[in-house]
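# Per-entry structural report
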Protein chains: 2
Amino acid sequence: MPTSTVRRFNRLHTRVLGVLDDDFLSRGRPLGASRLLFEIGDGTTVADLRDRLDLDSGYVSRLLRSLEADDLVSTAPDPIDSRRRFVSLTDAGRRERAELDRLSDRHVDDLLEPLDPRRRVELADVLDRARRLLIAATVTFADIDPSTPEALFALRSYYAELDSTFEAGFDPGEPGADGVDYVRPRGRFVIVRIDDESDRPFPTVGGCGAVTRLEPGVAEIKRMWIHPDARGLGLAGRLLRHLEDAARSDGHRRVRLDTNDALLPAIEMYRTSGYAEIDRYNDNPYARLFFEKPL
Amino acid sequence: MPTSTVRRFNRLHTRVLGVLDDDFLSRGRPLGASRLLFEIGDGTTVADLRDRLDLDSGYVSRLLRSLEADDLVSTAPDPIDSRRRFVSLTDAGRRERAELDRLSDRHVDDLLEPLDPRRRVELADVLDRARRLLIAATVTFADIDPSTPEALFALRSYYAELDSTFEAGFDPGEPGADGVDYVRPRGRFVIVRIDDESDRPFPTVGGCGAVTRLEPGVAEIKRMWIHPDARGLGLAGRLLRHLEDAARSDGHRRVRLDTNDALLPAIEMYRTSGYAEIDRYNDNPYARLFFEKPL
DNA sequence: TCTTTTCTCTGACTCGGGTCAGATATCGTT
DNA sequence: AACGATATCTGACCCGAGTCAGAGAAAAGA
């Protein structure tokens, strides 16, 4: 049933919103060229454009030259590596991009105009909820090295949040310990990747989690965190299951985890996910509750 | 604010749902050809396809021949008018259409798969609400002749609903009276057109309403009806305002209307729209309440 | 009956989007 | 200095989508 409802919505959407958007985005020039204007942003290299839009190198080159002919972009050799060309918008290009933006806004405004303000807001609300659910549906879990920028970004966000949650603050201790604990064969570091365009350089980090070996057959789940903007979408539960699966496939029979009594929703999730409270099994000063689950 | 939210949703939507849909709809053949398979349905004429999809006649012809070459459709002269050609699907064509349908479903299913059932339903719910609000935004009000099939359909639906609402039933009286009352210069008949694909021969009728002259400067609003599926979208209020505008531009200074005390939401709307209760001004046996509003 | 209109089809064409195979220049490494 | 890898560009293509101008057959009107 959800399937047919989604398809029904899709048909309407492409008709009233999608198609038209493309229509007038092409102001005299090929549509692909207009898209480039947005993708260039504050300047990038040709290679970057190429793999962001997944286009043939020759094709991008041609599009850029047509934009150059219209004096909307300018290119120059990248000072660092002069095989590369650095592309940026000219003033006219920035104006054109702003104009396209304005037209898109205008198009949506015109569409919403007949609705009363209350329903306009309601539409925005339901579409935003739909967007978040779609993002949740397209999230991916990836094992990565905990020393990569992506992982460090997640960990730092997590620590910062703990620091502001706990009354006494939070000190992550000496960094680099993660370097061994969360790397195979001792453990894993998992990132929740949100495939929401436009956030560079890597897809938005929606959360993280780690597994590490405690003793033979027993793993510990640590560093579980979901970005505040991505909560309420069922991601924490999916991440937990993913980490349990990882532990299981690494040969563990039980998983443990500790938590602080300030993290109520987390505690609730552990209980409903089959975790039972056990005695303290480590000397983590921030931990007040300890759980275990057989795999 | 709603504007940017809508655009934000659009970007995500075309990426995760829209584009892919087109992608695999083209199973070896040009996309337009696949679309035709759906549009042909249980058989139509070439002209019908042409203006339903708004395509060039030569183009449709070519697409049809390519489908014929694949043995998916067959054409024959229309027995009624042999300038026309009647197009219908072969068995293979029907199978292919079913297969495309299955693939589309599958694609959506795969997308929803990671979501837990509760959130899957929630997504369907919010998308359906969004669809209904978008439909409400794209509705059009049109003055038409009350004797057209479209108008008759609306009126009959309205009478049928009254008949099942009133305990004693409802008898619309001698038909044809509308023929003079709701036609200029004495009055108007307005139809609410819902531009939701697929419902032929005319866009779905979402409601109706009429204005007629009572006495110099005084108009009466009658036959106001919104299709049950289209309620809760603010259409009744917009229709009422549209009818008032029509009365005003026809030179009236006041509008009256009568209603039955069983129609509570309508009564509530009249009160909040500036109508004041007045004494009975006609002998309509179904009316119990009478309202008037200065324009 | 003759003329005009309607409906479909064909051929010739345009255009945007995109691929592919080099050519050229630069960088990194040995 | 030489070699392979990398980044960009150019020219030659292909293909799908769509337009346009008739041609031919049938229907409708005078």
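Scroll up for the structure.
What follows concerns the environment of Leu134 of chain A. All names here are of chain A. Here Leu134 lies in helix α6 (residues 117-138). Since 24 C-beta atoms lie within 10 Å of it, Leu134 is described here as buried. Sequence-wise, Leu134 and Leu233 are 99 residues apart; in three dimensions their C-alpha atoms are separated by 9.7 Å.

All names here are of chain A. Sheet architecture is open: three strands sit in the order β1-β3-β2, paired in antiparallel fashion. With partners counted over all chains shown, the strands left at the sheet margins are β1 (44-45) and β2 (73-77), one partner each. Sheet analysis places β1 next to strand β3 (residues 85-89), joined by two bridges and oriented antiparallel. Looking at the pairing, Thr44 lines up with Val87 of β3.

With an RMSD of 0.2 Å, chain B superimposes on chain A once it is rotated by 180° and translated 0.0 Å along the axis. Those values place the two copies in the arrangement expected of a two-fold rotation axis. Rotation axis and chain B: the residue whose C-alpha lies nearest the axis is Val126 of chain B, separated from it by 2.6 Å.

Another point: the protein's contact with DNA strand C. Contacts to DNA strand C come from 23 residues, most closely from Pro30, Leu31 and Gly58 of chain A together with Ala47 and Gly58 of chain B. Mapped by element, the contributors of at least two residues to the surface near DNA strand C are α2 (31-40) and α4 (57-69) of chain A together with α3 (46-53) and α4 (57-69) of chain B. At six residues, the largest contribution of residues to the surface near DNA strand C is made by α4 of chain B. Residues of the surface near DNA strand C, tallied by class, amount to seven nonpolar, eight polar and eight charged.

Our next topic: the protein's contact with DNA strand D. Taken together, the neighbourhood of DNA strand D is formed by 23 residues, with Ala47 and Gly58 of chain A together with Pro30, Leu31 and Gly58 of chain B sitting nearest. For the surface near DNA strand D, the secondary structure elements donating two or more residues are α3 (46-53) and α4 of chain A together with α2 (31-40) and α4 of chain B. By residue number, the principal contributor to the surface near DNA strand D is α4 of chain A, which donates six residues. Of the residues that constitute the surface near DNA strand D, the class distribution is seven nonpolar, eight polar and eight charged.

A cis amide bond links Arg184 of chain A to the next residue, Pro185 of chain A, at an omega of 5°. By the secondary structure assignment, Pro185 of chain A is in the loop between α8 (178-181) and β5 (187-194). Although it is not a glycine, Asp54 of chain A adopts a positive phi angle of roughly 55°. Locating Asp54 of chain A in the fold gives a position in the loop between α3 and α4. Overall, the presence of 6 C-beta atoms within 10 Å leaves Asp54 of chain A in the exposed class. Positive phi values are uncommon outside glycine, yet Asp71 of chain B reaches one of about 65°. One can find Asp71 of chain B in the loop between α4 and β2 (73-77). Take Asp71 of chain B: there are 12 C-beta atoms within 10 Å of it, and that puts it in the exposed class.

How each quantity is defined
Residues numbered from 1 in each chain as written. Chains lettered and ligands numbered in written order. Predicted model: local features only at pLDDT ≥ 70, side-chain atom pairs only at ≥ 80, totals over all residues. Helix = DSSP H or I, 4+ residues; strand = E, 2+ residues; numbered from the N terminus. Buried ≥ 20, exposed ≤ 12 C-beta atoms within 10 Å, placed from the backbone. Pairing = 2+ DSSP bridges. Least-squares fit on C-alpha atoms with pLDDT ≥ 70 in both. Near = placed C-beta within 6 Å. Nonpolar A, V, L, I, M, F, W, Y, C, P; charged D, E, K, R; others polar.

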